[in-house]
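Examination of the molecular architecture
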Amino acid sequence: MNDEVSLYFREILEKEGMDYIPDSGIKYHKTLKFSSVLNIEDKFEEFFKINRCYYTNQRCFRVTDKILEITGFEGVASPYNHMLSFFLLKEENLERALKITSDFFRKLNFLDGKTTMVLSQKMLSLINEKTKECFDICLINSDKLSTTLGENRFKGEYIKFYRRNKNGLVPVGSLNIISNGESYVIDSSFLKEVIEVEYFEKNSIYELKYFKNSFNTIRVKIPESSLSVGLKCINLMRVILVLMNEGLVFGNKNQEYIVRKLHRILVLELYILFLDKEITRSEIVEFMSDITLSGLSDLQNVDTINFSDQFFIETIIRETENYIELLEKGVLVISKQSFDLEEETILKERYGIPSKLIKRIRIGKLENEDINIPMNPLYKVINMPTKNWIKALHGE
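This one's a predicted model, so the numbers in the text were calculated from it and none came from an experiment.

1. A short note on helix α1 (residues 4-15)
If you check α1, its first and last C-alpha atoms are 17 Å apart, about what 12 residues at 1.5 Å a residue would give, namely 16 Å. Those residues of α1 not exposed but buried are E4, V5, S6, Y8, F9, I12 and L13. Where α1 terminates, the next one or two residues include G17, which has phi positive at roughly 75°.

See the structure below:
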């Protein structure tokens, strides 16, 4: 069975009598910053008028700067996942949400004493003793678990669930209790690919079927010292191919701009490797072709490809060559002795030359800034008890 995690989730939610909401498709939001909640209603306030309970299994694109920054460096970070979610509305309570979560985790063999539930003292006081016994408990100040939604009109507080593997913490799920005065609804989030890392006893998402061929490609093509760059590239390529497979192409507006943005981040990473003499210029285009084909091969394991390989290759290579030309023109301007702040502003705002390239040319080889506590680092060993690590991750 290739998709046990999704099937277990569906089985449990159907027993609960919940209605299934199909994936709305990638064109549901202009920015691709998907929220599982907004797959049902466009506005948060509508949730407090609904009497039904729902569940969904939808594609989730998380293309925020924070996610893109850690992609390639952490074993479970990716800008594209499948999000399993259920929603309890109006009269429903926290105990039911925790029962559903516990039933799901029991199916996954996650109620083995190794799953930590992270929550505030206030939330803990609302939970019965039987539920508490299922988890190792880690208390965090509520302000570290709080969130605001719907233009700050609604307050939310998370209950999070972590497990521990070779690299560190694996976030296997969360509940978000969203309040509106005395009433509240409960949203949930379980990233399927992250859960599969634990379920199949792997150390990272790169050991799963989603990256099998792509990972083998970068191990041959990218120097060992720059493997994190290669991992980031195949992650970004996966998102680009999924979007192109849905009919989106490179452009300057809305979702098409996101496709172009992700592509440019990918090419910039390779171009900086070229500047650092890790690869040659010709190898940039060659590498883009290789990870396009290996990415398509991986995508075929989980999806139907709607276009020919030639379409993907020609479109991506054309965009790559155009962007390399733009970067090279930028390098010539940045390298001038007279380069000043006004020219930097023009390069960034008018021509889209990224700050990262400007910094690399003016300062030299870039070093990774390692100031935050990582969750699941691939290239850093952290010897820290699980609860201490969780507290540090949440700023305590």
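2. Here's the deal with the packing of aromatic side chains
In total, this model carries 21 aromatic pairs according to the counting rule given. Relative to Y55, the ring of F9 lies with its centre 6.3 Å away and its plane at 65°, an arrangement referred to as edge-to-face. Note that F9 is positioned in helix α1 and Y55 in strand β2 (residues 54-61), a separation of 46 residues in sequence. Of the two residues, F9 and Y55, neither departs from the other in class, the shared state being buried.

3. Focus on empty space enclosed by the protein
A complete count under the given rule lists two cavities of 30 Å³ or more for this structure. Taken as a whole, the largest cavity holds about 100 Å³ of empty space. When residues of the lining of the largest cavity are traced back to their parent elements, those giving at least two are α8 (227-245) and α10 (281-299). Its residues assigned to classes, the lining of the largest cavity shows eight nonpolar, two polar and two charged.

4. Here we look at the pairing of strand β4 (residues 116-119)
It is a general feature of regular strands that their side chains alternate between the two faces of the sheet. Alternating positions in β4 separate into two faces, T116 and V118 on one and M117 and L119 on the other, with burial throughout. Pairing between β4 and strand β5 (residues 136-139): four bridges, direction parallel. Residue pairing in the sheet places L119 in a bridge with L139 of β5. Bridging between β4 and strand β7 (residues 154-164) involves three bridges; their strand directions are antiparallel. Following the sheet pairing, T116 is matched in β7 by Y162.

5. Remarks on the pattern of salt bridges
Applying the stated rule across the entire model yields 22 salt bridges. Across the pair K221 and E286 runs a salt bridge whose closest N-O atoms are separated by 3.1 Å. Residue K221 is found in helix α7 (residues 212-221), and its partner E286 is found in helix α10; the two are separated by 65 residues along the sequence. The closest approach of N and O atoms between R281 and E328, which form a salt bridge, is 2.5 Å. Within this pair, whereas R281 is found in helix α10, its partner E328 is found in helix α11 (residues 309-334), the two being separated by 47 residues in sequence. Since its relative accessible area comes to 33%, R281 is described here as partly exposed. Linked by salt bridges that have partners in common, E16, R96, K99, D103 and R106 make up one network.

The rules behind each value
Residues numbered from 1 in each chain as written. Predicted model: local features only at pLDDT ≥ 70, side-chain atom pairs only at ≥ 80, totals over all residues. Heavy atoms only, no water. Helix = DSSP H or I, 4+ residues; strand = E, 2+ residues; numbered from the N terminus. Expected span 1.5 Å × (residues − 1). Buried < 20%, exposed > 50% of the residue type's maximum accessible area, 1.4 Å probe, protein only. Phe/Tyr/Trp six-rings, centres within 6.5 Å; stacked < 30°, edge-to-face > 60°. 1 Å grid on protein atoms, 1.4 Å probe; cavity = no way out; pocket = protein on both sides within 12 Å on 5 of 7 lines; lining within 4 Å. Points joined across faces, edges and corners; volume = space filled by probe spheres on them. Nonpolar A, V, L, I, M, F, W, Y, C, P; charged D, E, K, R; others polar. Pairing = 2+ DSSP bridges. Salt bridge = Lys/Arg side-chain N within 4 Å of Asp/Glu carboxyl O.

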